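A closer look at the structure
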Amino acid sequence: MSITPQKITVMRAILFFLLGVLSTISFSQDGSPDLSFGNNGVWVHELSGDNHFVEDFVETETGQILVIFKTNLPSENLIRVIAFTETGAIDSSFANDGLLVLPYAYFDTYNLKIHALADGKFLISRTENNILFLSRFLNNGAIDITFGNSGTLQPFSNEIHSGFSVSMEDPYLLTLGLDNSGAEKQLLLKKFDANGTLDTSFGDNGLASYTLGDVSNPSAGNLISFGTYIYFGITYTQNSNPFKKIIRFLSNGVIDGAFGENGAIINPIEEEYNTHFSIFENGSFLIGGSYYDNSSETLYRKTIKLDPQGVLIENFGDNGFIEDFTQGMIQENQRFLCHSNFSDWEGGITPNYGRFFSNGASDSSFQFQYNYLELGSVVGKLLQSGKLLLVGTDIWYNGPEINIVLQRYNNDPLEVNEVASQSAYMSPNPSSSIFTVYSNIPFERTPYQVFDVSGKKIKEGFLTGQNPSIDLSHFEAGIYFMKFGSNTFKLLKT
């Protein structure tokens with residue numbers, strides 16, 4: 001039975017009607033469509049072109065949404081940016097009625113990312129033939145000629161494989177490249193100010209490096225500037241053995257030798273997984289991985305957590321990991337969202353999201369209710385409001401038109417930081433041997449120390465789980481002090 005465009009239109013109308021009825025019942029549920037946005041939480045924008053593919057999007061300080069995407073036209077292929085208002089309508093004040101055509105070679109350009117800047121400008125990073133380029137634009141879509149060389153910056157020479165990573169921490173940016181020219185491969189870090197000028201106080205006259213050695217197949221993950229540290233992921237093979245690592249530099253471009261082993265910790269997710277990490281407020285790592293198994297035609301996903309020194313937190317989630325979810329987005333209160341999008345064999349994507357507590361337990365107050373057809377491409381991010389925005393495109397078999405689709409979902413930002421608000425007390429106290437720490441939030445390898453009245457440290461370790469205990473039976477009766485996090489408790493040993 002063939003499906004005509006008319007039938008597709010009717011199917012969409014019925015779908016939106018049914019979802020509208022459902023949404024009226026649970027409109028305020030976290031994970032439900034945001035009814036104040038478009039039609040039952042969905043905006044569908046028809047654009048010219050046979051096919052579109054969303055690469056990335058960003059929300060500006062004013063709430064404007066900028067989407068970078070590729071388009072196939074009958075006569076040419078284009079890379080474009082489209083602007084939407086906070087309400088999801090096309091922002092006709094941007095560029096040419098909301099659309100900006102970028103002068104980049106379609107088939108040679110990949111790794112497209114868009115970054116919002118504090119002054120309303122935006123930056124586009126792209127890779128062409130393994131060379132990284134950064135271009136800055138004004139808020140109306142015009143190229144900003146005051147940046148770099150007439151608006152564009154090439155951080156590394158043509159000999160450097162620099163299509164790795166970019167980190168924006170306005171008013172500066174970091175770039176990561178790979179020197180693949182010699183037997184000893186090196187990762188290179190450069191830092192630039194807001195106008196694209198090299199910061200010569202960073203590293204050695206503006207360049208920081210990390211030697212990988214004689215390795216093969218190096219591939220970089222994301223690059224994060226976090227507090228006074230710079231983190232990036234790297235995967236490579238050495239002596240036929242695969243390695244996944246997270247490397248830390250100090251903010252001045254010096255490798256942090258106090259981190260892990262010589263500035264690097266092991267990412268313990270299995271070899272076949274592609275990984276992405278984010279960082280909790282306390283420095284713990286949330287690592288999501290995924291890979292597609294061709295033999296079983298199955299996409300596998302998992303998420304793990306490491307403490308700030310790279311030790312696996314074994315009581316995270318279910319037996320140390322969350323299965324079927326990846327790509328964590330950490331909220332201010334340290335809960336996080338992950339996706340478990342389903343992809344069919346024809347390329348159609350059905351989004352699905354879950355929200356979790358910082359210890360990996362599922363947050364049942366978030367119930368995702370998807371409200372559209374399958375998509376051909378999709379990017380999901382948290383907005384400043386805390387709500388979840390998905391930007392994607394129709395899939396070819398739901399055609400004939402391929403539209404840009406925006407979907408917004410309710411998600412309470414939950415401003416109270418669960419980790420910071422952790423309360424604890426000791427009981428029994430006094431005790432002749434065992435002191436138990438009772439807390440409203442389970443511990444995840446939280447370091448503790450015990451001191452005697454002279455200030456001498458007599459015991460240290462890690463608190464793990466809901467109500468961990470410490471044993472002072474081998475110490476003399478007297479007064480002791482136990483410290484962990486921002487807490488100090490006076491213990492009376494009898």
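Summarised in this report is the structure supplied together with it. The model shown is predicted, which means the values in this text are computed figures rather than measured ones.

Formed by 18 residues in total, the largest nonpolar core has its most connected members in L187, L189, L212, F232, I247 and F249. Within the residue set of this core, elements represented by two or more residues are strand 11 (172-179), strand 12 (185-192), strand 13 (207-213), strand 15 (229-238) and strand 16 (241-250). Counting residues per element, this core draws most heavily on strand 15, at 4 residues. In this view, L189 contacts T175, L176, F202, G206, L207, A208, L223, I230, F232 and F249; residues no more than four positions away in its chain are not counted.

Side chains that carry opposite charge are capable of pairing whenever their charged atoms lie near each other. A full pass over the atoms with the stated rule returns 14 salt bridges. The salt bridge partner of K387 is D34, with a shortest N-O separation of 2.8 Å. Separated by 353 residues along the polypeptide, K387 in the loop between strand 27 (375-382) and strand 28 (388-394) and D34 in the loop between helix 1 (5-25) and strand 1 (42-46) bring together distant segments of the chain. We classify K387 as partly exposed; its relative accessible area is 21%. You can call D34 buried: its relative accessible area is 4%. A salt bridge links D144 to K121; the shortest N-O distance between them is 2.9 Å. Placement of the pair is D144 in the loop between strand 8 (131-137) and strand 9 (152-153) and K121 in the loop between strand 6 (109-116) and strand 7 (122-128), with a sequence separation of 23 residues. What emerges from the salt-bridge pattern is a single network uniting D30, R335, R355 and D363.

Our focus in this paragraph is the sheet that holds strand 5 (residues 99-102). Read across the sheet, 4 strands follow the order 2-3-4-5 without closing on themselves; strand pairing throughout is antiparallel. Each edge of the open sheet is held by one strand with a lone partner, namely strand 2 (51-59) and strand 5. Here the strands of the sheet are splayed against their neighbours by 25 degrees on average, with no regard to which way each runs. Where strand 4 (residues 77-84) meets strand 5, 4 bridges bridge the pair, whose relative direction is antiparallel. Of the residues in strand 5, the one forming a bridge with I82 is L99.

What counts and what doesn't
- Residues numbered from 1 in each chain as written.
- Predicted model: local features only at pLDDT ≥ 70, side-chain atom pairs only at ≥ 80, totals over all residues.
- Heavy atoms only, no water.
- Core = buried A, V, L, I, M, F, W, Y, C linked by side-chain atoms within 4.5 Å.
- Buried < 20%, exposed > 50% of the residue type's maximum accessible area, 1.4 Å probe, protein only.
- Helix = DSSP H or I, 4+ residues; strand = E, 2+ residues; numbered from the N terminus.
- Contact = heavy atoms within 4.5 Å.
- Salt bridge = Lys/Arg side-chain N within 4 Å of Asp/Glu carboxyl O.
- Pairing = 2+ DSSP bridges.
- Axes fitted to C-alpha atoms, helices over the stretch in contact; angles between N-to-C directions.

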